[in-house]
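Architecture at a glance
Chain by chain, the residues run as shown.
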Amino acid sequence: MTEPFHADYHDPTDLLHIEYDRRMGYFSMTDDHLHDHYELYYLLSGERIYFIKDRTYRVKAGDLVFVDRNTVHKTLESGMPDHERIVLYMKPELFALMAVSADLVEGLKEPFCWEIPIVRFPSQMTEVMERMVSEMVDEMLRPQAGSDLLLRHRVVELLVYAYRNRHLSRLSSDDREPVLHPKTQVVVRYLNDNYHQTLTLPEVAGMFRISPHYLSRLFKQTTGFTFSDYLNLLRIKEAQRLLRESEESITDIAWLAGFSNFSHFGKMFKRTVQASPRDYRQVYKESGSVKPIKKGETYDD
């Protein structure tokens, strides 16, 4: 790798978005990250730290990372410069478009729900994965007639390959390298279970016998999020669910999700989701899903 490079692909259906990046130096995501589509991340070279839900993982070249819908996540630099990756963002409707059977769809979605959602292939299988990914990147950079259809099939092919070989490549608790500080992990899990309550950094620090300053610094250092940003993301995630699945008023939803200030809720929701709570609910009701991935949006994993 000698120069940074970025390439984007947006399928005409708005059900698939692919990003390829070759980055030089040290890079950590700056935006808080939560979205309503499946994410498949493949690291071609380098090393990354990946925070997903309540754990942090050290991701190595050749690893596949599965991020479920509406799961808080973020990538961080690992102390090693330079990396190259491809990320696939897939709406659930993509599988129906590809006429994949219901049973197979459930199998392909399974890795997104694993306790440790990472696949690490043996070297000979990694070569196959690299070839598949390289073909996708070439198709993105030099599109031809039928490229859209071919890329959709490549995505399904990639998922099928990972699913077929999961028994050879799935990480377990025993062979993953722990990264997240034990104290931070306990706090993250507490926030995941209690975000709807009124919580402050000093109160939570006191519960776990940590100084607020130390918890603030440790939390940011090991997850990539500030304490308040992470808590807000959990609450926004719950608000999205309630907007989709309930008939509660938006004011009540803000309170149920843990926001004590309605104005703050509105600002945080729009900043995170790029739509107001009312618009989000309306679009979901009209289409049966949240708004599709639009051309020009970037996710920067």
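To start, this report covers the structure provided alongside it. Here the residue numbering is sequential within each chain, running from 1 through the sequence in written order. Given that the model is predicted, a residue must reach a pLDDT of at least 70 before its local features are reported, and side-chain atom pairs must reach 80 or more before they are shown or counted; all residues, however, enter totals for whole chains, interfaces and linings. No hydrogens and no water enter the side-chain calculation; it runs on all heavy atoms of the structure.

Overview of the sheet that holds strand β4 (residues 47–52)
Pairing is antiparallel across the open sheet formed by three strands, whose spatial order is β5-β4-β7. The sheet terminates laterally at β5 (55–60) and β7 (73–77), the two strands that pair on one side only. In this sheet, neighbouring strand axes are inclined to one another by 25° on average, regardless of whether the strands run parallel or antiparallel. Across five bridges, the pairing between β4 and β7 is antiparallel. Paired strands are those between which DSSP finds at least two bridges. Comment: elements are numbered from the N terminus, with helices defined as DSSP H or I runs of at least four residues and strands as E runs of at least two. The axes used here are C-alpha line fits, helices contributing only the stretch in contact, and every angle between their N-to-C directions lies in the interval 0 to 180 degrees.

Let's talk about the packing of helix α9 (residues 227–245) against helix α11 (residues 262–273)
Look at α9 against α11: their axes get within 10 Å of each other, and the N-to-C directions meet at 85°. One finds that α9 runs roughly perpendicular with respect to α11. In this structure, α9 contributes Asp229, Asn232, Leu233, Ile236, Ala239, Gln240 and Leu243 to the contact, and α11 contributes His264, Phe265, Met268, Phe269, Arg271, Thr272 and Val273. Split by residue class, the contact of α9 with α11 holds eight nonpolar, four polar and two charged. Any angle between 65 and 115 degrees counts as roughly perpendicular, while under 35 counts as roughly parallel, over 145 as roughly antiparallel, and the rest as oblique. Note on definitions: a residue-residue contact is assigned when non-hydrogen atoms from the two residues lie within 4.5 Å. For this classification, the nonpolar set comprises Ala, Val, Leu, Ile, Met, Phe, Trp, Tyr, Cys and Pro, the charged set comprises Asp, Glu, Lys and Arg, and every other residue, Gly included, is treated as polar.

Points about helix α4 (residues 147–164)
The periodicity of an α-helix, 3.6 residues per turn, causes residues three or four positions apart to be oriented the same way. Taking 1.5 Å per residue as the helical rise, α4 with its 18 residues ought to reach 26 Å, and the 25 Å between its terminal C-alpha atoms agrees with that figure. Working definition: with a 1.4 Å probe on protein chains only, accessible area under 20% of the residue-type maximum means buried, over 50% means exposed, and in between means partly exposed. For α4, the full list of buried residues reads Ser147, Leu151, Arg152, Val155, Val156, Leu158, Leu159, Tyr161 and Ala162. Multiply 1.5 Å by the residue count of a helix minus one, and that product is the helix's expected span.

Topic: the layout of surface pockets
Approximately 290 Å³ is the volume found for the second largest pocket. Only protein atoms enter the 1 Å grid used here, on which a cavity is any set of points holding a 1.4 Å probe that cannot leave and a pocket is any open set flanked by protein within 12 Å on both sides along at least five of seven lines; residues with an atom within 4 Å of a point are listed as lining. Lining the second largest pocket are 17 residues, with Lys53, Thr71, Phe112, Cys113 and Trp114 sitting closest to its centre. Sorting the residues of the lining of the second largest pocket by element identifies β5 and β6 (63–67) as the ones contributing at least two each. In terms of residue class, the lining of the second largest pocket is made up of eight nonpolar, two polar and seven charged. Grid points are joined across faces, edges and corners, and a volume is the space filled by probe spheres set on the points.

A look at the pairing of β6
Of all five residues in β6, five are buried, a share of seventy percent or more. Burial of the side chains of β6 extends over both faces: Asp63, Val65 and Val67 are buried on one face and Leu64 and Phe66 on the other. Where strand β3 (residues 38–45) meets β6, four bridges bridge the pair, whose relative direction is antiparallel. The residue of β6 that forms the bridge with Tyr42 is Leu64.

Here's the deal with the pattern of salt bridges
When a carboxyl oxygen of Asp or Glu lies within 4 Å of a side-chain nitrogen of Lys or Arg, that pair is called a salt bridge. Tallying each qualifying case throughout the model produces 15 salt bridges. Asp11 is the partner of Arg152 in a salt bridge, and the nearest nitrogen-oxygen pair spans 2.7 Å. Of this pair, Arg152 sits in helix α4 while Asp11 sits in the loop between β1 (5–10) and β2 (16–23); the two residues are 141 residues apart in sequence, bridging distant segments of the chain. The pair Arg152 / Asp11 is uniform in exposure class, with both members buried. With its nearest N and O atoms 3.3 Å apart, the salt bridge here joins Arg154 to Glu135. Residue Arg154 is found in helix α4, and its partner Glu135 is found in helix α3 (residues 123–141); the two are separated by 19 residues along the sequence. With a relative accessible area of 21%, Arg154 lands in the partly exposed category. Glu135 sits in the partly exposed class, given a relative accessible area of 34%.

Some details on the sheet that holds β2
Taken together, six strands build an open sheet; the order of strands is β1-β2-β8-β3-β6-β9 and the sheet is antiparallel. Pairing within the sheet leaves two strands with one partner each, and these edge strands are β1 and β9 (118–120). Put simply, the sheet's adjacent strands are angled 10° from each other on average, direction ignored. Pairing between β3 and strand β8 (residues 83–90): seven bridges, direction antiparallel. Across the sheet, residue Leu43 finds its bridge partner in β8, namely Arg85.

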